[in-house]
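Fold and contact review
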Amino acid sequence: MYITGNYETIAFELKENIGYLTINREKKLNALNSQVLSELKTLLTHFIEEDKGQTIKGVIITGAGEKAFIAGADIAQMQNMSVEEARDFGALGQEVSLLFEKLPMPIIACVNGFALGGGCEMAMSCDFIYATESAVFGQPEVKLGLIPGFGGTQRLSKIVGRNRAKEIIYTGRNVKAEEALSIGLAIKLFPTKEEMIAGALKTFSYMLSNSPNAIKISKKVMNEGNDLTVTQGLTCELEQFAAVFSSEDMQEGTKAFIEKRAPNFTGN
Ligand code: CAA
């Protein structure tokens, strides 16, 4: 067990270098209140500043139970918030979403059941989404007089295209797993939660034979490029492409190819 603190609303376990992060408010369908967000912030900051991908090579995030990944931000908590409190709450949710993007290791959102509102938004902040065949996505905020506040107005457009995102956000309708797959929101479906976790582990097993440093830098350049023009993104890519030539992993990977053997990457 990897100890990073005492958490009440999330759980984290490390097995064979893969971290299992669970949102743990099953009775409230894993809805995100300030406590969940604060605990996520602490844990993810630890991954970025302390672990740095040395122990944790990949993360799988799921929701506790079978019914929901995350059914959204906590509506009961939001109901009486002032404008200032809402700003702080939204800022914390957005900060957590950015921490997912800044993780030095890949993270797969494994969506079981409902991923609504803030749940869909957190899943979209991960590197990619696997889902069960019964998963349900959506941004139903307008049904509550709200708008998406943890990145949905921005990331959904980038993933599925702006006009499709507008239709989903304006109607607040459910997007079932098959449709999520067809529009690229989820990239693979599985019959059960267990098969989905096994699928994510299989994907990690392919990644773990590659250079952790090269994966980390690819992630950084791709996420940063999301906010840039293609020309600016190419500048960023070129800088990092050149920088990896000073890495041990690049020396080892190219040497191993020439010597016709498997590489032994250290992640440095
Ligand atoms: N916030 C707080 N509590 C929630 C919740 C949420 N987002 N979603 C579910 N719950 C709670 C319910 O209140 C209920 O609690 P009690 O047992 O104490 O009454 C418990 O979880 C179980 O939920 P239901 O009884 O409603 O379960 P169901 O199977 O009948 O319905 C559901 C499931 C369709 C997902 C329904 O719970 C639902 O519509 N939830 C809200 C979905 C939603 O609107 N999400 C967006 C929130 S706004 C947001 O996320 C803003 C943002 O972008 C930051």
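Provided above is the structure to which this section pertains.
Residues numbered from 1 in each chain as written. Predicted model: local features only at pLDDT ≥ 70, side-chain atom pairs only at ≥ 80, totals over all residues. Heavy atoms only, no water.

1. Digging into the nonpolar core
Counting 53 residues, the largest nonpolar core has Leu21, Phe100, Val111, Phe137 and Leu185 as the members making the most contacts within it. Ranked by residues supplied to this core, first place goes to helix H1 (residues 34-51) with six residues. When sequence neighbours within four positions are dropped, the list of residues in contact with Leu185 reads Cys120, Met124, Ile129, Phe137, Leu156, Ile159, Val160 and Ala180. Counting 12 residues, the second largest nonpolar core, distinct from the first, contains Tyr130, Phe190, Ala200 and Met207. (Core = buried A, V, L, I, M, F, W, Y, C linked by side-chain atoms within 4.5 Å. Buried < 20%, exposed > 50% of the residue type's maximum accessible area, 1.4 Å probe, protein only. Helix = DSSP H or I, 4+ residues; strand = E, 2+ residues; numbered from the N terminus. Contact = heavy atoms within 4.5 Å.)

2. Side note on the sheet that holds strand S5 (residues 107-111)
The six strands are arranged S1-S2-S3-S5-S7-S10 in an open sheet whose pairing can be described as mixed. For this open sheet the edge positions go to strand S1 (10-15) and strand S10 (188-190), each flanked by a neighbour on one side alone. On average, each strand axis in the sheet is tilted by 20° relative to the strand beside it, whichever way the strands run. Two strands pair when backbone bridges link them, and S1 and strand S2 (residues 18-23) are joined in this way by six bridges, in the antiparallel orientation. Looking at S2, one finds that Glu13 is bridged to Tyr20. (Pairing = 2+ DSSP bridges. Axes fitted to C-alpha atoms, helices over the stretch in contact; angles between N-to-C directions.)

3. So, helix H3 (residues 83-102)
The end-to-end C-alpha separation of H3 is 28 Å, in line with the 28 Å expected for 20 residues at 1.5 Å each. Inspection of H3 places Phe89, Gly90, Leu92, Gly93, Val96, Ser97, Leu99, Phe100 and Glu101 among the buried residues, and these make up the whole buried set. (Expected span 1.5 Å × (residues − 1).)

4. Examining unusual backbone geometry
One non-glycine residue, Glu16, lies in the positive phi region at around 45°. For Lys52, which is not glycine, the phi torsion reads 55° and is therefore positive.

5. Looking at the pattern of salt bridges
For the coordinates displayed, the defined rule picks out 11 salt bridges. For Glu179, the salt bridge identified is with Arg173, shortest N-O distance 2.8 Å. (Salt bridge = Lys/Arg side-chain N within 4 Å of Asp/Glu carboxyl O.)

6. Here we look at a nonpolar patch on the surface
Taken together, the side chains of Ile75, Leu144 and Leu146 define a hydrophobic patch exposed on the protein surface, amounting to about 250 Å² of accessible area. Within the element layout of this structure, Ile75 appears in helix H2 (residues 75-79). (Patch = residues over 30% accessible without salt bridge, like charges linked within 9 Å, V, L, I, M, F, W, Y side chains within 5 Å. Areas by Shrake-Rupley, 256 points an atom, 1.4 Å probe, with all protein chains shown as cover.)

7. Notes on a negative patch on the surface
Among the surface-exposed residues, Glu26, Glu66, Glu133, Glu178, Glu194 and Glu195 lie close enough to one another that they form a single negatively charged patch. The topology assignment puts Glu26 in the loop between S2 and H1. (Lys, Arg positive; Asp, Glu negative; His and termini not counted. Charge placed at Lys NZ, Arg CZ, Asp CG, Glu CD.)

8. Considering the environment of Gly90
Structurally, the position occupied by Gly90 is in helix H3. Residues Gly90 and Asn268 lie 178 residues apart in sequence; the distance between their C-alpha atoms is 36 Å.

9. So, the environment of Asn24
Along the chain, Asn24 falls in the loop between S2 and H1. Between the C-alpha atoms of Asn24 and Ile10, which are 14 residues apart in sequence, the distance is 4.7 Å. Setting aside chain neighbours within four positions, we find Asn24 in contact with Glu8, Thr9, Ile10, Ala11, Asn30 and Ala64.

10. Points about the packing of aromatic side chains
Taken as a whole and judged by the stated rule, the model has five aromatic pairs. Between Phe12 and Phe47, the aromatic rings sit 5.0 Å apart at their centres with planes inclined by 50°, giving tilted as the arrangement. Remark: Phe47 occurs in helix H1 and Phe12 occurs in strand S1; sequence separation between them is 35 residues. Exposure class is identical for Phe12 and Phe47. Each is buried. Both rings, one in Tyr130 and one in Phe190, keep their centres 5.3 Å apart while their planes meet at 50°; by these two values the pair is tilted. (Phe/Tyr/Trp six-rings, centres within 6.5 Å; stacked < 30°, edge-to-face > 60°.)

11. Regarding the site of the ligand
Every one of the 23 residues lining the ligand counts as a neighbour, but Lys28, Lys67, Ala73, Glu121 and Glu141 are closest to it. In this structure, Lys67 approaches the ligand through a side-chain N or O atom, which is 2.6 Å from an oxygen atom. Here an oxygen atom of the ligand and a backbone polar atom of Gly118 are 2.9 Å apart. Taken by itself the ligand offers 980 Å² of open surface, and the protein chains cover 64% of this. Counting residues per element, the ones that place at least two in the shell around the ligand are H2, strand S6 (114-116) and helix H4 (118-125). (Near = heavy atom within 4 Å. Polar contact = N/O pair within 3.5 Å; in protein donor to acceptor, adjacent residues only side chain to side chain.)

Honestly, it's all geometry; don't read function into it.
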